[in-house]
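Structural overview
Read off the chains here:
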Amino acid sequence: MVADRRQAESLAVRGDKPPRDSRVTRPEATPLPTVPGPLAPLPGAPAATPPRADNALTRFWRSFFSFKMPRRLKFTREGKYFVGITLGVGFAAINTGNNLLYLLLGMLLSLMVVSSVMSELSLRTLTVTRRLPTRAQVGRAHLVEIEVYNHKKRIPSYAIEVEDLRAGQPADKRCFFLKISPSSAQVAAYRRTPARRGRDRHTGFRIATRFPFGLFEKSREVTADGELVIYPAVDPVRLPPEDRGRALGGVGTAGRGTSDETYALRPMREGDDPRDIYWRKSAITNQMVLRERARETRPDVRLVIDVVRPKGSGDVFAQQFEKRIREVASRAVAHIKRGDGVVVATNLGEEARGDRNIGSDRILRFLALLDAVDEERVQEIQERRGLARGGPSRTSGGHA
């Protein structure tokens, strides 16, 4: 390599060109593979916006604002005094440097730590269940049972307070459990008297405890949905005396039933009720003859409610509407107790029926969930239900 370099320098001094073999050949560069770039947008098409990547700060603030504390801590009156005394002792210990004050401060702080740990152990692994009654009525008290089960194997829970939460209403009912043993359940109940009809939605529970020293109240909320339909109030109603024909046999009889009238006579077969033997006919024919009873057919009592709210009506219509629902409910229950069939209908075509066999629950539930309709929406509702133009008229009275 040194000889070649010297020969090239001497040729350069004399001005001669170096031979072809003496030229330094460089290797050809290998072309890099072409990476396909983004396609150009079509003419007239909107430009695509690149997706915005969330940085770490954005994700942190999003998680910070969506974070919900699993426990809530509330100071009691005694706890406020205790924290004040602790701060005072700590301030005096720092200023004076007295070891006894430091010792007292450590004891006070250790009580706070012990309170936090023991209250957390009491709140953990608890399951709360709600048992609602079958029916509830305005003005009548009903019981709601609360059951708390402790899933811990060895540690009991003390001083547990369960508050039943309802949507749109303040929580005013609580159940207190002094001790819940490990792997066992305790049941308590509270009494509540509803003041208005409709759906009563339960959303969850608030479980709290002040164990062990009563300085702080630690609580947590659990979700448990439940719904109870509150029936309207029913007042005692004295109905007019029933017609004699309706009381004795009804308006007409058709088919077999349980009334006092005779529908047909036939020979007695095995398995028939001997109480229906017609002894007078059996004595004549020397054969057991069975009497089949007729079924009463009475026209149903129809009660109509006006649910259309006139334009510009205020609280007066709402009061009259609730009063009318209470009156219809009272009359319907009175007719059913007497043995009549009742049909409660609205002037928009909705109706519910009840009698002695099926009871009054259908009618009371129908009235509990009935709402007034604005006058502007009447035509829309009628078209949706496919009612004819000559449908039920707006009437506010009922007939029996």
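Residues numbered from 1 in each chain as written. Predicted model: local features only at pLDDT ≥ 70, side-chain atom pairs only at ≥ 80, totals over all residues. Heavy atoms only, no water.

The protein goes by DUF58 domain-containing protein in an unreviewed UniProt entry, where it is assigned to Polyangium mundeleinium.

Running from N to C, helix 7 (residues 315–338) and helix 8 (residues 361–368) point in directions that differ by 175 degrees, and their axes come no closer than 10 Å. Our classification of the angle between helix 7 and helix 8 gives roughly antiparallel. For the pair helix 7 and helix 8, contact is made by Ile325, Val328, Ala329, Ala332, Val333 and Ile336 and by Ile363, Leu364 and Leu367, respectively. Class assignment of the residues belonging to the contact of helix 7 with helix 8 gives a composition of 9 nonpolar, no polar and no charged. (Axes fitted to C-alpha atoms, helices over the stretch in contact; angles between N-to-C directions. Helix = DSSP H or I, 4+ residues; strand = E, 2+ residues; numbered from the N terminus. Parallel < 35°, antiparallel > 145°, perpendicular 65-115°, else oblique. Contact = heavy atoms within 4.5 Å. Nonpolar A, V, L, I, M, F, W, Y, C, P; charged D, E, K, R; others polar.)

Next up on the list: the sheet that holds strand 16 (residues 351–354). The sheet built from 3 strands is open, its strands ordered 13-15-16 with mixed pairing. Only two strands of the sheet have a single partner each, and these edge strands are strand 13 (301–305) and strand 16. Strand-to-strand twist of the sheet, defined as the mean angle between neighbouring strand axes without regard to direction, takes the value 15 degrees. For strand 15 (residues 342–346) and strand 16, the ladder comprises 4 bridges, and the chain directions are antiparallel. Bridging from a neighbouring strand, Val344 pairs with Ala352 of strand 16. In this fold helix 7 packs onto strand 13, strand 15 and strand 16, with an angle of close to 170 degrees to the strand it touches most, strand 13. Contacts from helix 8 reach strand 13, strand 15 and strand 16 within the one sheet, and its direction differs from that of strand 16 by about 155 degrees. (Pairing = 2+ DSSP bridges.)

Take the environment of Ala352 next. Looking at the secondary structure, you find Ala352 in strand 16. For Ala352, a relative accessible area of 12% translates into the label buried. Here the alpha-carbon distance between Ala352 and Leu367, two residues 15 residues apart in the chain, equals 9.0 Å. Sequence-distant contacts of Ala352, that is, excluding residues within four places in its chain, are made with Val342, Val343, Val344, Arg362, Ile363 and Phe366. (Buried < 20%, exposed > 50% of the residue type's maximum accessible area, 1.4 Å probe, protein only.)

Another point: the pairing of strand 2 (residues 126–131). Consecutive residues of a regular strand have side chains that alternate between opposite faces of the sheet. Burial of strand 2 is one-sided: the residues Leu126, Val128 and Arg130 facing one way are buried, the residues Thr127, Thr129 and Arg131 facing the other way are not. Strand direction decides the pairing type here: strand 2 and strand 4 (residues 142–150), joined by 6 bridges, are antiparallel. By the bridge assignment for strand 4, Arg131 is matched with Glu145.

The subject of this paragraph is the nonpolar core. If you look at soluble globular proteins, the nonpolar side chains tend to sit buried side by side. With 28 residues, the main nonpolar core has Ile305, Val342, Val344 and Leu367 as its most contacted residues. Secondary structure elements with two or more residues in this core: strand 9 (216–231), strand 13, helix 7, strand 15, helix 8 and helix 9 (378–385). Residue contributions to this core peak at 8 residues, all from helix 7. Not counting residues within four places of it along the chain, the set of residues in contact with Val342 comprises Val301, Leu303, Ala332, His335, Ile336, Ala352, Arg353, Gly354 and Ile363. By size, the runner-up hydrophobic cluster in this structure holds 16 residues, among which are Val144, Ala188, Phe205 and Ala224. (Core = buried A, V, L, I, M, F, W, Y, C linked by side-chain atoms within 4.5 Å.)

If you check UniProt for "transmembrane region" (unreviewed entry), the listed places come out as residues 78–94 in our numbering. With 100% helix and 0% strand, residues 78–94 has end C-alpha atoms that lie 25 Å from one another. (UniProt positions renumbered as here; feature names shortened; annotations may be inferred.)

The tally for this structure, following the rule as stated, stands at 25 salt bridges. Of the charged contacts in the structure, one is a salt bridge between Asp300 and Arg353, with a shortest N-O distance of 2.9 Å. In this pair, Asp300 is assigned in the loop between strand 12 (289–297) and strand 13 and Arg353 in strand 16, connecting sequence segments 53 residues apart. Of the residues examined, Asp300 reaches a relative accessible area of 34% and is grouped as partly exposed. The partly exposed category is assigned to Arg353, whose relative accessible area is 35%. Counted as one network, the salt bridges with shared partners bring together Glu161, Glu163, Arg174, Arg206, Arg210 and Glu217. (Salt bridge = Lys/Arg side-chain N within 4 Å of Asp/Glu carboxyl O.)

Take helix 8 next. Within the sequence span of helix 8, burial applies to Ile363, Leu364, Phe366, Leu367 and Ala368. On its buried face, helix 8 sits against strand 8 (198–209), strand 9, strand 13, helix 7, strand 15 and strand 16.

Across all of its chains, the model carries 3 aromatic pairs by this definition. Centroid distance Phe75 to Phe216: 5.2 Å. Interplanar angle 70 degrees. Geometry classified as edge-to-face. Residue Phe75 is located in strand 1 (residues 72–75), and its partner Phe216 is located in strand 9; the two are separated by 141 residues in the primary sequence. When the centroid spacing of 5.1 Å and the interplanar angle of 25 degrees are considered together, the rings of Tyr158 and Phe211 count as stacked. Here the residue Tyr158 occupies a position in strand 5 (residues 157–166), and Phe211 occupies one in the loop between strand 8 and strand 9, the gap between them amounting to 53 residues. (Phe/Tyr/Trp six-rings, centres within 6.5 Å; stacked < 30°, edge-to-face > 60°.)

Summarising the element assignment, Asp355 is placed in the loop between strand 16 and helix 8. Taking relative accessible area as the criterion, Asp355 reaches 14% and is therefore assigned buried. Reaching out from Asp355, the side chain makes a polar contact with the backbone nitrogen of Asn357 at a distance of 3.1 Å. Once residues within four sequence positions are removed from consideration, Asp355 is found in contact with Ile336, Asp340 and Gly341. (Polar contact = N/O pair within 3.5 Å; in protein donor to acceptor, adjacent residues only side chain to side chain.)

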